[in-house]
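Overview (structure and organization)
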Amino acid sequence: MAIISDFEEEQKETKPSTSTSTSSSTTTTKKRTVSFTASLDPSSPLGFVEKFLDFLGEESDFLERDTAEKEIAAAVKAAKEKRKKRRAAEAEAAAAASAAAAAAAEEEKKKKKKAVVKEEPKVVAKEEPSSEAVEKTEEKSKSDSKRVPNVGNGLDLENYSWTQTLEEVTLNVPVPTGTKSRSVVCEIKKSHIKVGLKGQPPIIDGELFRPVKPDDCYWSIEDQSAISILLTKHDKMEWWKSIVKGDPEIDTQKVEPESSKLSDLDPETRQTVEKMMFDQRQKTMGLPSSDELQKQEILKKFMAEHPEMDFSRAKLA
């Protein structure tokens, strides 16, 4: 299980002790936060991402990890889910406002009526329901207890919310603003999950609805105000009804499946991301980028086509 925490560097400074008996040193650990500044051009957002990856490669060894690409993909996915939820919330708010306006107009129309027709109540004899009707009522009651999925095919609960695809489940657990990763307790096992803050009762603690692959599960702190957790399902052919057993369930018959895998991105976008990652690895190892390699190939081809020219002083940049 990988942990994505705040970007900090630890520096150790050794200070001499003031004791007169023996010479000793006291080691203190200071944390330095490295600032990142860049301008975003909305017409070319990938330039901003490239600058950030350059900065990340220079200030840390994050890009040297084997899981770097997967963790970046998880962050991109979480951001997309977050944006999707925000848009859905805005659409729901607009729909609610429209419905309220329509209801107000209808109420005003009723008030303007000059006469109100009063009808005498009809007495209807009560009939004892049949056993078949009772069974149907019980079945309908069980079905009604299941909730309609949110826009991410999950559920928004009081303490957390979650979304899912057939392959993965994403949890969002709000925490007090300013929360650091070192204060988080996140234990993910094959069939159990525990999430919370140190010294406090867990926010989530129970048996998972279905088993997961712990080695492919990740969590991170977003904006120091929420814990984002990615769970990789063991069975990728089943929709989950809840995160832990005993929590409110969704009606999986109302799930709207959609492809949310990063591998399903359009070829151009995926090629751009792969190129960025390749260039970062090359730069870390002191090797030429993809653009530089392409220029070298063009120059070599030109030299081969023009043997009569002297390229002895030519330099391959």
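A quick note: this is a predicted structure, and the numbers were derived from the prediction, not measured.

Things to note about the nonpolar core
Within the largest apolar cluster, 30 residues are counted, with the highest numbers of intra-cluster contacts made by Leu171, Ile229 and Leu231. Counting residues per element, the ones that place at least two in this core are β6 (168–174), β7 (184–188), β8 (192–197), β10 (218–222) and β11 (226–232). When sequence neighbours within four positions are dropped, the list of residues in contact with Leu171 reads Tyr160, Ser161, Trp162, Ile193, Ile204, Ile227, Ser228, Ile229, Leu231 and Ile243. Counting 7 residues, the second-largest nonpolar core is a separate cluster that includes Leu53, Leu63, Ala68 and Met277.

Things to note about the environment of Gly154
Turning to its location among the elements, Gly154 is positioned in the loop between α3 (131–145) and β4 (155–156). Taking the C-alpha atoms as reference points, Gly154 and Glu249, 95 residues apart in sequence, are found 9.0 Å from one another.

Some words on the confidence of the model for the chain
For the chain, the average pLDDT comes to 78, and 75% of its residues sit at 70 or higher. Across residues 1–29, confidence stays below pLDDT 50; counting only partners more than four residues off in sequence or on other chains, it has 55 contacts.

Here's the deal with helix α1 (residues 45–59)
Taking 1.5 Å per residue, 15 residues should reach 21 Å; α1 reaches 22 Å between its end C-alpha atoms and fits that length. Taken together, the buried positions of α1 are occupied by Leu53, Phe55 and Leu56. Summarising the axial view, the buried residues of α1 lie within an arc of 160°, below the 170-degree limit, and thus occupy one face.

Remarks on the environment of Glu50
Secondary-structure assignment places Glu50 in helix α1. What makes Glu50 partly exposed here is its relative accessible area of 35%. Separated by 227 residues in sequence, Glu50 and Met277 have C-alpha atoms that sit 9.2 Å apart. Not counting residues within four places of it along the chain, the set of residues in contact with Glu50 comprises Met276 and Gln280.

Some points on the sheet that holds strand β9 (residues 204–207)
With respect to topology, 3 strands assemble into an open sheet ordered β7-β8-β9, the strand pairing being antiparallel. The outermost strands of the open sheet, each flanked by one partner alone, are β7 and β9. Looking at each pair of strands side by side, their axes are set apart by 5° on average, direction ignored. Pairing analysis gives 5 bridges linking β7 to β8, with the strands arranged antiparallel. Following the sheet pairing, Val185 is matched in β8 by Gly196.

Notes on the packing of aromatic side chains
If you walk through the whole model with that rule in mind, you get 1 aromatic pair. Over the ring of Phe209 we find Arg210, and its NZ or CZ is 4.4 Å from the ring centre.

Observations concerning the pattern of salt bridges
One pass over the full model with this rule turns up 9 salt bridges. As a salt-bridge pair, Arg65 and Glu71 come within 3.7 Å of each other at their nearest N and O atoms. Under the relative-accessibility criterion, Arg65 is labelled partly exposed at 39%. For the salt bridge of Asp216 with Lys70, the shortest nitrogen-to-oxygen distance reads 3.5 Å. With Asp216 in the loop between β9 and β10 and Lys70 in helix α2 (residues 68–111), the pair connects residues that are 146 residues apart, well separated along the chain. For Lys70, a relative accessible area of 42% translates into the label partly exposed. Linked through salt bridges whose partners overlap, the residues forming this network are Asp54, Glu58 and Lys283.

Comments concerning the pairing of β11
Counting buried residues in β11 gives 7 out of 7 residues, a clear majority hidden from the surface. Inspection of the sheet shows β6 paired to β11 by 7 bridges, in the antiparallel sense. Across the sheet, the residue bridging to Pro174 is Ala226, located in β11. In this structure, β10 lies alongside β11, joined through 5 bridges in antiparallel fashion. Bridged to Ser220 within β11 is Ser228. Here β10 folds back onto β11 in antiparallel fashion, the turn holding 3 residues, of which Asp223 has a positive phi close to 55°.

Rules and cut-offs
Residues numbered from 1 in each chain as written. Predicted model: local features only at pLDDT ≥ 70, side-chain atom pairs only at ≥ 80, totals over all residues. Heavy atoms only, no water. Core = buried A, V, L, I, M, F, W, Y, C linked by side-chain atoms within 4.5 Å. Buried < 20%, exposed > 50% of the residue type's maximum accessible area, 1.4 Å probe, protein only. Helix = DSSP H or I, 4+ residues; strand = E, 2+ residues; numbered from the N terminus. Contact = heavy atoms within 4.5 Å. pLDDT = per-residue confidence, 0-100. Expected span 1.5 Å × (residues − 1). Arc of directions from axis to C-beta. Pairing = 2+ DSSP bridges. Axes fitted to C-alpha atoms, helices over the stretch in contact; angles between N-to-C directions. Phe/Tyr/Trp six-rings, centres within 6.5 Å; stacked < 30°, edge-to-face > 60°. Lys NZ or Arg CZ within 6 Å of the ring centre and 35° of its normal. Salt bridge = Lys/Arg side-chain N within 4 Å of Asp/Glu carboxyl O.

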